[in-house]
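Coordinates in review
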Amino acid sequence: MTSETLETPSAQSGVEPDAAQQVLRRVFGYESFRGQQHDIVSQVIGGGDALVLMPTGGGKSLCYQIPALVRPGVGIVVSPLIALMQDQVDALNAVGVRAAFLNSTQFPDERRTVEAQLLAGELDLLYLAPERLRLESTMQLLDRAKIALFAIDEAHCVSQWGHDFRPEYLGLSVLHERWPTVPRIALTATATEKTAAEIAERLDLGAARHFVSSFDRPNIQYRIEPKNRGEQQLLGFISTEHAGDAGIVYCLSRNSVEKTAEFLSRNGVEAVPYHAGLDARTRATNQSRFLREDGLVVVATIAFGMGIDKPDVRFVAHLDLPKSVEGYYQETGRAGRDGAASTAWMVYGLNDVVQQRKMIDSSEGDAAHRRQLQLHLDAMLALCETVQCRRTQLLAYFGQQGQPCGNCDTCLNPPESWDGTVAAQKALSTVLRLKRERGQSFGAGHIVDILIGKSNPKVVQHKHTELKVFGVGAELRDVEWRGVIRQLLAQGLLAVHGDYGVLTLTEASEEVLFKGRTVALRREPERTTAAKAPRAKASRPVAADLAPADAGLFERLRAWRATTAKEQGVPAYVVFHDATLREIASRKPSTLSELGGISGIGENKLTKYGAGVLDTLAGEQGESAAEGSRARTGSSDGDSPRAADPVSPLPVRDEPRADAARQSGVTGQRPTSNPRAAASRDAGSPSRGAPASRGAAPARRQSSPARTPAAEPHPWNDEPPPDWDFEPPPDNMY
Ligand SMILES: Nc1ncnc2c1ncn2[C@@H]1O[C@H](COP(=O)(O)OP(=O)(O)OP(=O)(O)O)[C@@H](O)[C@H]1O
Ligand SMILES: [Mg+2]
Ligand SMILES: [Zn+2]
């Protein structure tokens, strides 16, 4: 392949498929690039730098994987997620890409094997944590290899004010100094232009082309409800709308993570905790269970989730207010990566505002830092209190336009806004009088009691019944006053201070009290019920109803997939996504070449799994595979088959399976002149196992989930693996 053809791929598009297009089809089994993928890939193949902002699940990985396969040399992927590298590499090996990683979970001889492969030019992609990349010994190793590109994944980790800051990322600008001619591509799902500018500056990506995708995730339904009994509300939400679904619940503190996970488990929702205070082995086991099992809920702090590419997470719930819209959007974005209907659900109340404002007050760092935190929180509060479409507001935050979406709580069940000026004046003057007349400050609860005229021991003790404002707000109920105060705090018309969260006035409160400033407040609509909030629209037909006979077939394919995944020690979605199985079930291909036409089936998967799929379709081994799986796991894929309809008889295959595949050209010599791709095919031959991760070494670090029998013996049985270069983000602040 000449450099000319590589450098002008976009000029050829539409006429004949370019090298990138060929790799997309042949290796990954996808028909066409999504959104800006093609432009990004062309930029990097041509040797240019790129900064890619694309939402979670948008398809960033292909943007560096395909250039790494097309350009000569190995693509070096910098990723903070050593706990997920094995899965990422497994997924690539499954499509025949020669990928490997170097990290502390490996034995020295495993690392030596990978290093040898690297130097022999036998790798297409190598994953490294930034800590390891920055070691001089690693740099010297890379000096001896041919490097196709550097991909800096999760690039927002370089942002010091961001929610995932990793100091080691700051050192990555050295890449450009040491390897000035190697293209670099930085990718993130964090969307603001400000973060993009910060990434460009800190990574020395001044000349990079910026690619900003639409951040809309139409299949996710956004809902924010007032919090009263958070755990009960969560349980109600899960059991009425997402029973049996996989989901993530975010809590602020480790303690509430543990409590919530226990609470859900006690109430019939299988849930595991995840936070940075758990030992590494428990964390790894719980994460691995979440990825491998169906329908498990993980309750976590923000230490969990980055890089999790499980496609069928059906809901993300927040029991506490996130600190920023960026954080919220990344966390909620982990739902529905497969494009099927999903829910982002949150409860939020007065205490959240008080707690977060207090946390900022007492946070370390200078005034500028606190100001930054304050701005982040204000934007988050504005989202919570809006009477407009949540999606429009989210997109506007990221500088993008949107129409009222019809798929968020404010669109489905619009809240009213009311003139809260008088109510605000009553609340503010209560705070004012306590200060002026008594020299006292109190928290929200006490202020509300004074407003509604409720006598509590503190009221009696301080003779607050004698205040002129005592009982002045009897027209609103306790919870309504809490809503008013919450919104005043959110709008900056009240402030909160000190350990006890006492309320104080701000400059803006004086405008309301003395200068005629009006205050618009939000009236909570009746709770959005499942009936009022229909399941979100799917952008891709993965959730489309299958005909009954096809549904039975789909379940048999899932059972086959469960067995296969377990045998290979990988998550089920590494074998095939649900979307691919659904398409197989409805199209019922009878030959390998027909099967190869289905999205998500490239050459390697066709060779590896084609026969098994056709057998399952024909029903020959289908029954036994299903039974085998049930016998082993007690269910298919971890839950029971959704339909048991008999499968309609299928046409008999018109060619012998495996041999035909080898001869037909479908999986024979690839129609490409890319020698590396050909080498990749050979090295990645499934029967020989993946090159790097399962070669000579006792490769897999696999935790043994409690519900699934341990698939294979591994070296970590008695001892947790060393974990030195994985530092989960500190969450002890929470
Ligand atoms: N052109 C395409 N056609 C079909 N499917 C695609 C295409 N590009 C990507 N996908 C699929 O979309 C899913 C998400 O892709 P990917 O993992 O790259 O997301 P991401 O942008 O890196 O998200 P995150 O921010 O969570 O890391 C994957 O399952 C991938 O196989
Ligand atoms: Mg990614
Ligand atoms: Zn909306």
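Residues numbered from 1 in each chain as written. Chains lettered and ligands numbered in written order. Predicted model: local features only at pLDDT ≥ 70, side-chain atom pairs only at ≥ 80, totals over all residues.

As a reminder, the rule being used: UniProt positions are given in the numbering used here, feature names are shortened, and annotations may be inferred rather than shown by experiment.
Under an unreviewed UniProt entry, the name given to the protein is DNA helicase RecQ, and the source organism is Nocardia albiluteola. Its UniProt record gives the protein the following Sequence similarities (unreviewed entry) comment, quoted word for word: "Belongs to the helicase family. RecQ subfamily." Regarding the protein, the relevant UniProt record gives this comment under Catalytic activity (unreviewed entry): "Couples ATP hydrolysis with the unwinding of duplex DNA by translocating in the 3'-5' direction."

With respect to the overall build of the protein
Put simply, the rule is: Secondary structure is summarised from DSSP: a helix means a run of H or I of at least four residues, a strand means a run of E of at least two, and numbering begins at the N terminus for each. In this scheme every C-beta is placed from the backbone, and a residue whose C-beta has 20 or more other C-beta atoms within 10 Å is buried, one with 12 or fewer is exposed, and one in between is partly exposed. Remark: residues whose backbone-derived C-beta atoms lie within 7 Å of one another are considered to be in contact.
Looking only at helices and strands, the protein features 32 helices and 17 strands. Residue burial in the protein is summarised as follows: out of 734 residues, 50% are buried. Across the protein, the fraction of contacts at a sequence separation of at least 24, relative to all contacts at a separation of at least 6, is 76%.

Concerning the sheet that holds strand 6 (residues 184-188)
We count it as follows: The pairing criterion is simple: DSSP has to find at least two bridges between the two strands. Where helices are involved, their axes are fitted lines through C-alpha atoms of the stretch in contact, as for all axes, and angles between N-to-C directions lie from 0 to 180°.
Read from one edge of the open sheet, seven strands run 3-4-2-5-6-1-7, paired in parallel fashion. Every interior strand has two partners, whereas the edge strands, strand 3 (99-102) and strand 7 (209-212), have only one. For this sheet, the mean angle separating the axes of adjacent strands, direction not counted, is 20 degrees. Where strand 1 (residues 50-53) meets strand 7, four bridges bridge the pair, whose relative direction is parallel. Each residue of the ladder has a partner; that of Ala50, found in strand 7, is Arg209. Along the sheet, helix 5 (residues 61-70) makes contact with strand 1, strand 2 (74-78), strand 4 (125-128), strand 5 (147-152) and strand 6, crossing strand 5 at roughly 175 degrees. Each of strand 3 and strand 4 is contacted by helix 6 (residues 82-94), which is oriented at about 165 degrees to strand 3, the strand it contacts most.

Observations regarding the sheet that holds strand 9 (residues 246-250)
Taking strand neighbours across the sheet as the criterion, the six strands line up as 8-13-12-9-11-10 in an open arrangement whose pairing is parallel. If you trace the sheet from one side to the other, it starts and ends with strand 8 (220-226) and strand 10 (271-274), each paired once. Looking at each pair of strands side by side, their axes are set apart by 15 degrees on average, direction ignored. Of the strands in this sheet, strand 9, strand 10 and strand 11 (297-300) are in contact with helix 13 (residues 254-266), which crosses strand 10 at around 175 degrees. The strands touched by helix 14 (residues 280-292) are strand 10 and strand 11; relative to strand 10, the strand with the most contacts, the crossing angle is about 135 degrees.

Comments concerning helix 4 (residues 37-45)
Residue pairs three or four apart in sequence face the same way in an α-helix, which turns once every 3.6 residues. Buried residues dominate helix 4, accounting for eight of its nine residues. Those residues of helix 4 that fall on the buried side of the exposure criterion are Gln37, His38, Ile40, Val41, Ser42, Gln43, Val44 and Ile45.

Quick look at the site of ligand 1
Selection rule: Should the C-beta atom of a residue, placed from the backbone, lie within 6 Å of a molecule or strand, that residue is near it. We call Asp, Glu, Lys and Arg charged. Ala, Val, Leu, Ile, Met, Phe, Trp, Tyr, Cys and Pro are nonpolar, and the rest, Gly among them, are polar.
What surrounds ligand 1 is a group of 17 residues, the closest being Tyr30, Gly59, Lys60, Ser61 and Ala189. Partitioning the shell around ligand 1 into residue classes produces six nonpolar, seven polar and four charged.

Notes on the environment of Gly339
Following the sequence through the fold, Gly339 ends up in the loop between helix 15 (325-332) and strand 13 (342-348). Classification of Gly339 as partly exposed rests on a count of 18 C-beta atoms within 10 Å.

Brief notes about the nonpolar core
Short version of the rule: When buried Ala, Val, Leu, Ile, Met, Phe, Trp, Tyr and Cys residues are joined through C-beta atoms within 7 Å, the set is termed a nonpolar core.
If you look at the biggest cluster of nonpolar residues, it comprises 98 residues, and the most contacted ones within it are Val52, Leu125, Leu126, Ile185 and Ala186. Ignoring anything within four residues of it in the chain, the contact list for Ile185 reads Val44, Asp49, Ala50, Val52, Cys63, Tyr64, Leu149 and Ala151. Listed in part, the 88 residues of the second largest apolar core include Leu296, Val316, Tyr348 and Cys405.

What about unusual backbone geometry?
In terms of backbone geometry, most residues other than glycine have negative phi values and most peptide bonds are trans. Non-glycine residue Glu154 carries a positive phi angle of around 50 degrees. With respect to the helices, strands and loops of the structure, Glu154 is situated in the loop between strand 5 and helix 10 (174-178). With 23 C-beta atoms packed within 10 Å, Glu154 lands in the buried category. Unlike most non-glycine residues, Asp204 shows phi in positive territory, near 60 degrees.

Structural notes on the packing of helix 3 (residues 19-28) against helix 5
Quick reminder of the rule: Here roughly perpendicular refers to angles of 65 to 115 degrees, roughly parallel to angles under 35, roughly antiparallel to angles over 145, and oblique to all remaining angles.
Where helix 3 contacts helix 5, the axes come no closer than 10 Å and their chain directions differ by 105 degrees. Judged by the inter-axis angle, helix 3 sits roughly perpendicular to helix 5. Side by side, helix 3 and helix 5 meet where Ala19, Ala20, Val23, Leu24, Val27 and Phe28 of the first sit next to Leu62, Ile66, Leu69 and Val70 of the second. Per-class residue counts for the contact of helix 3 with helix 5 are 10 nonpolar, no polar and no charged.

Some words on helix 14
Note the following rule: Given the number of residues in a helix, its expected span is that number minus one, multiplied by 1.5 Å.
A rise of 1.5 Å per residue sets the reference length of helix 14, with its 13 residues, at 18 Å; its end C-alpha atoms lie 18 Å apart and thus fit the reference within 8%. Of all 13 residues that make up helix 14, 10 are buried, and the element is covered over most of its length. Burial in helix 14 covers these residues: Arg283, Ala284, Thr285, Asn286, Gln287, Ser288, Arg289, Phe290, Leu291 and Arg292. In this fold, the buried residues of helix 14 make contact with helix 6, strand 10 and strand 11.

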